[in-house]
Amino acid sequence: MTGTINPLGPRLPDVQRIALLRGGGLGDLVFVLPAAQALRTAYPDAELVLLGTQGHAAILRERPGPIDRVEILPTATGVFALAPGAEPDAGEQDAFFHRVTARPIDLAVQAHGGGRWSNPLLRRLGARHTIGARSPDAVALDRWLPYRYHQHEALRWLEVVELVGATGPATARLTVTERDRREADACLAGLPRPLVVVHPGATDPRRCWPERGFAEVVGALVDAGCGIAVIGTPDEAGLVDLIVAGRRAVRGLAGALSLSGLVGVLDRADVVLANDSGPRHLAEAVGTPTIGLFWCGNMINAGPLGRARNRVLIGWTTHCPVCGARLTDGGGGADCGHEDSWIASIAAPAVIEEVLTLLAEHSVRPAAIPPRSASPPR
């Protein structure tokens, strides 16, 4: 039988408990949801436990979906650290494994990188069967696929679970709850529609479009009659304030939302404009149209698969803007120590045009949008 990507491997007998290992941020959770749903469909009676992070647990709490519960990972080299530089604690790790393996695990799925660090962690669970990705320096699992950096993350993990007969759509879906919407509505009250939600941050500053570009776009969208909500973490409050800059119809929400409220705000938006970041991926998962600003290399691993509701503008920088180091060799770009933006070449007028076009195509047209002489290429 053929799956979404490859012929399906044989399903495993008598699978009652599945552990799915995935560290990282909110976007990392979104990328593993198609694989989780595929496992749920293939093994409907099994308990599916995500070995993940506090953020994953907060997003998934009281939310319908394929994952039954989340076990918080301990600090583990190359997999998870609660704070930068945190060192693994043997007692914390022992307590985690004791808790997770109190009931036998039938299938353990490694969905966190090439396995140098994550495969030994997974094997420690003592599962009857193990599957995952494997780089040349990683220990083998029972069934595995070679890890190559340049592959879309959602497709990578969907391909892995196809090894045990699980398959399904490659796009993530996240259910929005009334709790999400209540918090969002309180934060967005009084803003004009259509509503454009803007996220100017990202965990890696090299993936961030310059603040002046966002400010120019926000100003143009306000002039076109849109309401704007600029979201961010507490650490991004200064950046958000620069973009809000006292403008009418623009509201800064840095640090003002729980993760539930963030999902609600993304759901209430007519369009989300963001860098390659967790909020952009969450917005796509709840079904909101998005405009994503991507570096060319990251498009391979994290870009949206379709273009009807999700548009991209790409920065084609191939050498570090500071030292000239080549960015397209190996994995995720040069680690030369410089943090200047790799997507600064994206032009603000092109972003404005994409936002207005997407609003119009989804029948959400600001009254003040000027007529365009020609449609953009499709």
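Cut-offs applied
The numbers attached to residues start from 1 for each chain and follow its sequence in the written order. Reporting of local features is limited, given that this is a predicted model, to residues whose pLDDT is at least 70; pairs of side-chain atoms are given and counted only at 80 or more, and all residues count toward the totals for whole chains, interfaces and linings. As a rule here, side-chain values cover all heavy atoms of the structure and leave hydrogens and water aside. Residues grouped as a nonpolar core are buried Ala, Val, Leu, Ile, Met, Phe, Trp, Tyr and Cys residues, joined through side-chain atoms within 4.5 Å. The classification of residues rests on relative accessible area computed with a 1.4 Å probe and restricted to protein chains. Under 20% of the type maximum is buried, over 50% is exposed, and intermediate values are partly exposed. Only runs of H or I of at least four residues qualify as helices and only runs of E of at least two qualify as strands under DSSP, and these elements are numbered from the N terminus. Here, residues are in contact when the closest pair of their heavy atoms is within 4.5 Å. We define a salt bridge as a contact between a side-chain nitrogen of Lys or Arg and a carboxyl oxygen of Asp or Glu at a distance within 4 Å. Here, strands pair whenever DSSP counts at least two bridges between them. Note on method: axes are straight lines fitted to C-alpha atoms, helices fitted across the in-contact stretch only, with angles between N-to-C directions ranging 0 to 180 degrees.

Undergrad: Sorry, what's going on with the nonpolar core here?
TA: Note that soluble globular proteins tend to have their nonpolar side chains buried in a common cluster. Among the nonpolar cores identified, the biggest contains 61 residues, and Ile18, Leu39, Tyr43, Leu107, Val109 and Val197 are the most heavily contacted of them. The element contributing the most residues to this core is helix H1 (residues 26-42), with 10 residues. Contacts of Val109, omitting those with residues within four sequence positions, involve Ile18, Ala19, Leu20, Leu21, Leu39, Leu122, Ile131, Val160 and Val161. Ranked by size, the runner-up nonpolar core spans 36 residues in total, among them Ile291, Ile343, Ala348 and Val351.

Undergrad: Quick question: what am I supposed to make of the pattern of salt bridges here?
TA: For side chains bearing opposite charge, pairing can occur when the charged atoms are close. Under the defined criterion, the tally for this structure stands at 23 salt bridges. Here Glu71 makes a salt bridge to Arg69, at a shortest N to O gap of 2.5 Å. It is possible to trace a salt-bridge network through shared partners that takes in Arg17, Glu47, Arg69, Glu71, Arg99 and Arg103.

Undergrad: Hey, could you run me through the sheet that holds strand S6 (residues 143-146) in this one?
TA: What holds strands together in a sheet is hydrogen bonding between their backbones, with the strands either parallel or antiparallel. Spatial ordering of the open sheet is given by S3-S2-S1-S4-S5-S6, a layout of six strands whose pairing is parallel. With one partner strand each, in any of the chains shown, strand S3 (69-72) and S6 form the two edges of the open sheet. The mean inter-strand angle of the sheet, taken between neighbouring strand axes irrespective of direction, is 15 degrees. Two elements, strand S1 (residues 17-21) and strand S4 (residues 107-110), share four bridges in a ladder whose sense is parallel. When the bridges of S4 are listed, Ile18 appears paired with Leu107.

Undergrad: In this structure, what is going on with unusual backbone geometry? I would like to understand it.
TA: Apart from glycine, the bulk of residues carry a negative phi angle, and the bulk of peptide bonds sit in the trans form. With an omega dihedral of 5 degrees, the bond running from Arg193 to Pro194 counts as a cis peptide bond. Along the chain, Pro194 turns up in the loop between helix H6 (178-188) and strand S7 (195-199). We note that Ala245 has phi near 50 degrees; this positive angle belongs to a residue other than glycine. Assignment of secondary structure puts Ala245 in the loop between helix H8 (237-244) and strand S9 (250-254).

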